[in-house]
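# Residue-level structural notes
Listed here are the chains, written in short residue letters.
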Amino acid sequence: MESIIEFTMHAKPGRYADVLAAYSEFAQAFQEAVPADRLILITGDPASGLIRGIGVFTEKQIAADVYSMPFFAKFNDSISDLITETPERTELDLIHLYQV
C-alpha cells in the first residue's frame, strides 16, 4: 500500500517566500534522491504563512524512514530560523488517488 507523508511548516512573518523557495528546491532534489517518492505536492497560504508538502511514496517503510535521512535533517536545519515552530510531520495511508 502506498503511503503519504504530510509535512507542514509555519513561516515567520515576512519569510513565507523564503521558506517556500527553500522547500521547493528541497522537494525537487528530494524526488531525485528518493526514487520511491512517487509524487510531491506543495501547497501554501501566504496570508497565514502555512506551507504544506505532501509526498506519496510507493513503499510505507521508505516513507517512515525519510525523516531520519541526513538529507532531510540538513533541510530542517536550513529553515529553522525561518519558521515559527518545529514542522509537523504526519504519516497517512493512501486510500484513493484520482487523476484527471
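So, a few notes on the structure that sits alongside this text. Because the structure is predicted, anything quoted here is derived from the model rather than measured. (Residues numbered from 1 in each chain as written. Predicted model: local features only at pLDDT ≥ 70, side-chain atom pairs only at ≥ 80, totals over all residues. Heavy atoms only, no water.)

## Topic: the overall build of the protein
Heads up, the rule is: Only DSSP runs of H or I with at least four residues qualify as helices, and only runs of E with at least two residues qualify as strands; both kinds are numbered from the N terminus onward. Remark: exposure states derive from per-residue accessible area (1.4 Å probe, protein chains only) relative to the maximum for the residue type, with buried under 20%, exposed over 50%, and partly exposed in between. It only takes one pair of heavy atoms within 4.5 Å for two residues to be counted as in contact. In short, Shrake-Rupley with a 1.4 Å probe defines the accessible areas, and a residue's cover is counted only from the protein chains shown.
Each helix and strand in the protein was counted, giving three helices and four strands. Across the protein, helices and strands are ordered from the amino to the carboxyl terminus as β-α-β-β-α-α-β. Oriented by its inertia axes, the alpha-carbon framework of the protein measures out at about 40 × 30 × 20 Å. Counting across all 100 residues of the protein, residues that qualify as buried make up 32%. Residue pairs at least 24 apart in sequence account for 70% of intrachain contacts in the protein once pairs closer than 6 positions are excluded. When the accessible surface of the protein is totalled, it reaches about 6,100 Å², and 55% of it is carbon and sulfur.

## Remarks on empty space enclosed by the protein
Here is the rule: Grid points spaced at 1 Å over the protein atoms alone were grouped into cavities, where a 1.4 Å probe fits but cannot get out, and pockets, open sets with protein on both sides within 12 Å along at least five of seven lines, with lining residues defined by an atom within 4 Å of a point. Grid points are joined across faces, edges and corners, and a volume is the space filled by probe spheres set on the points. Residue polarity is assigned by list, with Asp, Glu, Lys and Arg as charged and Ala, Val, Leu, Ile, Met, Phe, Trp, Tyr, Cys and Pro as nonpolar; anything else, Gly included, falls into the polar class.
Per the stated rule, a full pass over the model turns up one cavity of 30 Å³ or more. Of the volumes computed, that of the largest cavity is approximately 140 Å³. Around the largest cavity sit 15 residues that line it, and Tyr23, Phe30, Gly55, Phe57 and Phe72 are the ones nearest its centre. Classifying every residue of the lining of the largest cavity by side-chain character gives 11 nonpolar, two polar and two charged.

## Section: the packing of aromatic side chains
Heads up, the rule is: Here a pair means two rings of Phe, Tyr or Trp (six-membered ring of Trp) with centres within 6.5 Å. Their orientation is stacked below 30 degrees between planes, edge-to-face above 60, and tilted elsewhere.
Per the counting criterion, the structure on display carries 12 aromatic pairs. Among the aromatic residues, ring-to-ring pairing joins Phe7, Tyr23, Phe26, Phe30, Phe57, Phe71, Phe72 and Phe75 into one connected group.

## Concerning the environment of Lys12
Secondary-structure assignment places Lys12 in the loop between β1 (3-10) and α1 (16-33). Its relative accessible area of 34% is what places Lys12 among the partly exposed residues. Between the alpha carbons of Lys12 and Ile83 there is a distance of 5.0 Å; along the sequence they are 71 residues apart. Among all residues touching Lys12, those that are not within four sequence positions of it are Asp81, Leu82, Ile83 and Thr84.

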